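# Report on the structure
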Amino acid sequence: MNPWPQVKHLFEVDDGMLPDIYVENLANEEIVSIYEWVMSQCAVAHSPTLWSREQQMDIPIQDVQYPARQFIEGKVDTFRHCLAGLKIEGILLPELSVSVEEGGVSFDYRPGEGWNEETVFALFKFLRALKERVPRARIFQADEGCYSSPNSEFSEALARF
């Protein structure tokens, strides 16, 4: 099933907001597994930092070996960074960011340029691969700041995909 007709309005217009795609209901080891799998598909973009509880300072994520594991062990705080070069079956996705947080991971994206039928189809393949890795994961999309109001059209399209 092609999700584009049902969800294109969530991707076409850049209104300045950064909607989120949540992958929740994950155990700590699943958070690590998902993050490490995602990072095996791409690279860290820009020069992000995270807060080291051990060192009591921001440190470059690139300097942290296994940052998701460090998070679940309580050594670093929740962190977010952009992904560079994420390709799904040869299709380069527009820039996403990944956030590692209690109970799951989330991705945000900027609608507009770069999103089209082909890239949304690739994004849904990416989300399906995440669901295959953790079948009990709950995956949903919500507008920025609207976590408690998941988009039903996105959820329906993903379930049919």
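Residues numbered from 1 in each chain as written. Predicted model: local features only at pLDDT ≥ 70, side-chain atom pairs only at ≥ 80, totals over all residues. Heavy atoms only, no water.

## Considering the pattern of salt bridges
- Taken as a whole and judged by the stated rule, the model has eight salt bridges.
- The closest approach of N and O atoms between Arg-136 and Glu-30, which form a salt bridge, is 2.7 Å. Pair noted here: Arg-136 is in the loop between helix H4 (117–133) and strand S10 (138–142) and Glu-30 is in helix H2 (residues 28–40), with a separation of 106 residues, a long-range link.
- Given the relative accessible area of 44%, Arg-136 is considered partly exposed.
- Close ionic contact of Asp-108 with Arg-80 constitutes a salt bridge, the shortest N to O distance being 3.3 Å. Of the two residues, Asp-108 sits in strand S9 (residues 104–109) while Arg-80 sits in strand S5 (residues 79–84), which places them 28 residues apart along the sequence. (Salt bridge = Lys/Arg side-chain N within 4 Å of Asp/Glu carboxyl O. Helix = DSSP H or I, 4+ residues; strand = E, 2+ residues; numbered from the N terminus. Buried < 20%, exposed > 50% of the residue type's maximum accessible area, 1.4 Å probe, protein only.)

## Some points on the packing of H2 against H4
- The N-to-C vectors of H2 and H4 enclose an angle of 145 degrees; their axes lie 11 Å apart at closest approach. In the crossing of H2 with H4, the sense of the turn from one axis to the other is right-handed. In this structure, H2 uses Ser-33, Ile-34, Trp-37 and Val-38 to contact H4, whose residues at the interface are Phe-126, Ala-129, Leu-130 and Arg-133.
- Taken together, the residues of the contact of H2 with H4 break down into six nonpolar, one polar and one charged. (Axes fitted to C-alpha atoms, helices over the stretch in contact; angles between N-to-C directions. Left-handed = near helix turned anticlockwise from the far one by under 90°. Contact = heavy atoms within 4.5 Å. Nonpolar A, V, L, I, M, F, W, Y, C, P; charged D, E, K, R; others polar.)

## Overview of the packing of aromatic side chains
- Under the counting rule described, the total for this entry stands at twelve aromatic pairs.
- Between Phe-11 and Trp-115, the ring centres sit 5.0 Å apart and the planes meet at 50 degrees, which makes this aromatic pair tilted. Placement of the pair is Phe-11 in the loop between helix H1 (4–7) and strand S1 (20–24) and Trp-115 in the loop between S9 and H4, with a sequence separation of 104 residues.
- Chaining the aromatic ring pairs together yields one cluster made of Phe-121, Phe-124, Phe-154 and Phe-161.
- For Arg-138, the ring lying beneath its charged end belongs to Phe-140, and the centroid distance is 4.1 Å. (Phe/Tyr/Trp six-rings, centres within 6.5 Å; stacked < 30°, edge-to-face > 60°. Lys NZ or Arg CZ within 6 Å of the ring centre and 35° of its normal.)

## Focus on the environment of Ala-68
- Mapped onto the fold, Ala-68 is located in helix H3 (residues 67–72).
- Taking the relative accessible area as the measure of exposure, Ala-68 reaches 0% and is therefore buried.
- C-alpha separation for the pair Ala-68 and Tyr-35, spaced 33 residues apart in sequence, amounts to 6.6 Å.
- Not counting residues within four places of it along the chain, the set of residues in contact with Ala-68 comprises Val-32, Tyr-35, Phe-79 and Val-100.

## Some remarks on the nonpolar core
- Ranked by internal contacts, the top residues of the largest apolar core, which has 48 residues, are Phe-11, Val-38 and Phe-126.
- Those residues within four positions of Phe-126 in sequence are excluded, and the remaining contacts are Trp-37, Val-38, Leu-86, Ile-88 and Phe-107. (Core = buried A, V, L, I, M, F, W, Y, C linked by side-chain atoms within 4.5 Å.)

## As for the pairing of strand S4 (residues 57–60)
- Bridge count between strand S3 (residues 49–52) and S4: four bridges; the pairing is antiparallel. Looking at the pairing, Trp-51 lines up with Asp-58 of S4.
- The antiparallel pairing of S3 with S4 creates a hairpin that spans four residues between the two strands, and Gln-56 there sits at a positive phi of about 55 degrees. (Pairing = 2+ DSSP bridges.)

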